[in-house]
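# Notes for the structure review
Residues per chain are reported as follows:
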Amino acid sequence: MKLNVTLGQDLSAYAEIEMEAPEGASEIAIVAAIRRQIDGDFPVFDEDWESTSSLRIVSAKDESGNYLIQDHPLEPIPFDAGQALESWLKGWSKDLSGVVQAAAQAKLIDPLAMEAHRGTFTIPGAESVDVEFECRKGATREEKDLAFLEALAQVGTVDYVAIGEVRHGV
């Protein structure tokens, strides 16, 4: 079978322009002047091939033009970690470990070595609850607490009810 494959790679490109700006102009005025300059004459960008990253298969089609593969990464994409973090911060993703894994895959942090832990939740006068959980080797106390509480929430039920808005320092 013959394939038509399109590969893609992220690439930085830069353009240098010469222009005049008033002495002592603010940052806003300089940005406005640059916008006016490039609106009339858009600059030519030169590629910086040293900065290439994120090799991926954009598409692979068979002889009939049917797509067999689309948007398949061949190298880590650093932006994926940022997107995973943004999703978690906005509440679109409930799993913080996905953020850590995305950062490790993008080589923004060291590869993950996980440790298994057992934790006990005890309230005076009540029965203790033991849970097992995983977190990365060398995790901070806060990371362990978060992983423990996530495992604990799987054993029982945790409900939250907003009781009012609180404003500090307003």
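Just so we're clear, the structure is a prediction, and the values are computed from it rather than from any experiment. (Residues numbered from 1 in each chain as written. Predicted model: local features only at pLDDT ≥ 70, side-chain atom pairs only at ≥ 80, totals over all residues. Heavy atoms only, no water.)

## Focus: the sheet that holds strand S1 (residues 4-14)
Backbone hydrogen bonds hold the strands of a sheet together, and the pairing may be parallel or antiparallel. Formally: By this definition, two strands are paired if DSSP reports at least two bridges between them. Working definition: helices are DSSP H or I runs of at least four residues, strands are E runs of at least two. Numbering for both runs from the N terminus. Note on method: axes are straight lines fitted to C-alpha atoms, helices fitted across the in-contact stretch only, with angles between N-to-C directions ranging 0 to 180 degrees.
Strand order in the open sheet made by the three strands is S1-S2-S3, with antiparallel pairing throughout. Every other strand in the sheet has two partners, leaving S1 and strand S3 (67-73) as the edge strands with one partner each. Ignoring strand direction, the axes of neighbouring strands in this sheet form an average angle of 30 degrees.

## Some points on a nonpolar patch on the surface
What counts, and what does not: Exposure above 30% relative accessible area and no salt bridge define the residues that can form patches, which grow by joining like charges within 9 Å and nonpolar side chains of Val, Leu, Ile, Met, Phe, Trp and Tyr within 5 Å. Only the protein chains shown count as cover for residues, and the accessible areas themselves come from Shrake-Rupley with a 1.4 Å probe. Just to be clear on terms, a salt bridge is a Lys or Arg side-chain nitrogen sitting within 4 Å of an Asp or Glu carboxyl oxygen.
Together, Met 1, Leu 3, Val 5, Leu 7, Leu 68, Ile 69 and Leu 74 give the surface a local cluster of nonpolar side chains, amounting to about 700 Å² of exposed area. At the level of secondary structure, the elements contributing two or more residues to the nonpolar patch comprise S1 and S3. One can find Ile 69 in strand S3.

## Observations concerning the pattern of salt bridges
Oppositely charged side chains can pair when the atoms bearing their charge come close. The following threshold applies: Using a 1.4 Å probe on the protein chains alone, a residue whose accessible area is under 20% of its type maximum counts as buried, one over 50% counts as exposed, and one in between counts as partly exposed.
Within the structure shown, the criterion is met by five salt bridges. With a closest N to O distance of 2.9 Å, Arg 136 and Glu 143 form a salt bridge. Linking Arg 167 and Glu 165 is a salt bridge whose minimum nitrogen-to-oxygen distance equals 2.9 Å. Judged by its relative accessible area of 62%, Arg 167 falls in the exposed class. Residue Glu 165 is classed as exposed on the basis of its relative accessible area of 64%.

## What about the nonpolar core?
So the rule is basically this: What we call a nonpolar core is a set of buried Ala, Val, Leu, Ile, Met, Phe, Trp, Tyr and Cys residues that are connected through their side-chain atoms within 4.5 Å. Contacts are assigned to residue pairs that have any heavy atoms within 4.5 Å of one another.
Listed in full, the eight residues of the largest apolar core are Val 131, Phe 133, Cys 135, Ala 139, Ala 147, Phe 148, Ala 151 and Leu 152. Contributions of two or more residues to this core are made by strand S5 (129-136) and helix H4 (141-155). If one sorts the elements of this core by residue count, H4 sits on top with four residues. When residues no more than four places from it in sequence are discounted, the contact partners of Ala 147 are Phe 133, Glu 134 and Cys 135.

## Re the side chain of Ser 59
By secondary structure assignment, the location of Ser 59 is in strand S2 (residues 46-61). The contacts of Ser 59, once residues within four sequence positions are left out, are Asn 4, Val 5, Thr 6, Tyr 67, Ile 69 and Gln 70.

## Some thoughts on the packing of aromatic side chains
Here is the rule we go by: Think of it this way: a Phe, Tyr or Trp ring, Trp meaning its six-membered ring, pairs with another when their centres are within 6.5 Å, and the plane angle makes it stacked under 30 degrees, edge-to-face over 60, tilted otherwise.
If you walk through the whole model with that rule in mind, you get two aromatic pairs. Ring geometry for Phe 42 and Phe 45: centres 5.8 Å apart, planes at 35 degrees, overall tilted. Relative accessible area serves as the criterion here: at 39%, Phe 45 is assigned to the partly exposed category. Look at Phe 133 and Phe 148: their rings are 5.8 Å apart centre to centre, the planes differ by 70 degrees, and that puts the pair in the edge-to-face class. Here the residue Phe 133 occupies a position in strand S5, and Phe 148 occupies one in helix H4, the gap between them amounting to 15 residues. Assigned by exposure class, Phe 133 and Phe 148 land together as buried.

## Focus on the environment of Tyr 160
Of note, Tyr 160 is situated in the segment after H4. On a C-alpha basis, the gap between Tyr 160 and Ile 69 in space is 43 Å, while along the polypeptide they are 91 residues apart.

## Let's talk about the environment of Leu 85
As for its placement among the helices and strands, Leu 85 is situated in helix H2 (residues 78-89). Its relative accessible area of 37% is what places Leu 85 among the partly exposed residues. Residues Leu 85 and Val 100 lie 15 residues apart in sequence; the distance between their C-alpha atoms is 8.6 Å.

## Some details on a negative patch on the surface
We count it as follows: Neither His nor the chain ends is counted toward charge; the positive residues are Lys and Arg and the negative residues Asp and Glu. To locate a charge, take atom NZ for lysine, CZ for arginine, CG for aspartate or CD for glutamate.
A cluster of acidic residues, Glu 16, Glu 18, Asp 46 and Glu 47, forms a negative patch on the protein surface. Inspection of the secondary structure assignment puts Glu 16 in the loop between S1 and helix H1 (27-40).

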